[in-house]
Amino acid sequence: MEHPAVDHHLWIEVTEYIVAVVGVILIAWLLAEDLASPLWGGLTSIRLR
């Protein structure tokens, strides 16, 4: 009967990991849009060349 506890703990870790990744992506996205729009546009244009 230990499997439900292990699965529950695993889901908690997976959820925390996903939340952390999404949070980092959102913060990076907001910073790129708000603070470094010209820089971000320059990087994307360099990539397209």
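Refer to the structure above for everything that follows.
Residues numbered from 1 in each chain as written. Predicted model: local features only at pLDDT ≥ 70, side-chain atom pairs only at ≥ 80, totals over all residues. Heavy atoms only, no water.

(A) Fine view of the overall build of the protein. The helix and strand inventory of the protein stands at 2 helices and 0 strands. Sorting the 49 residues of the protein into buried and exposed places 2% on the buried side. In the form shown here, the protein has an accessible surface area of approximately 4,800 Å², with 74% of it arising from carbon and sulfur atoms. (Helix = DSSP H or I, 4+ residues; strand = E, 2+ residues; numbered from the N terminus. Buried < 20%, exposed > 50% of the residue type's maximum accessible area, 1.4 Å probe, protein only. Areas by Shrake-Rupley, 256 points an atom, 1.4 Å probe, with all protein chains shown as cover.)

(B) View of a nonpolar patch on the surface. A contiguous nonpolar surface patch, about 1,000 Å² in accessible area, is contributed by Leu-10, Trp-11, Val-14, Tyr-17, Ile-18, Val-21, Val-22, Ile-25, Leu-26 and Trp-29. Tracing the backbone shows Val-21 in helix H1 (residues 3-34). Using a relative accessible area of 34% as the deciding quantity, one classes Val-21 as partly exposed. (Patch = residues over 30% accessible without salt bridge, like charges linked within 9 Å, V, L, I, M, F, W, Y side chains within 5 Å. Salt bridge = Lys/Arg side-chain N within 4 Å of Asp/Glu carboxyl O.)

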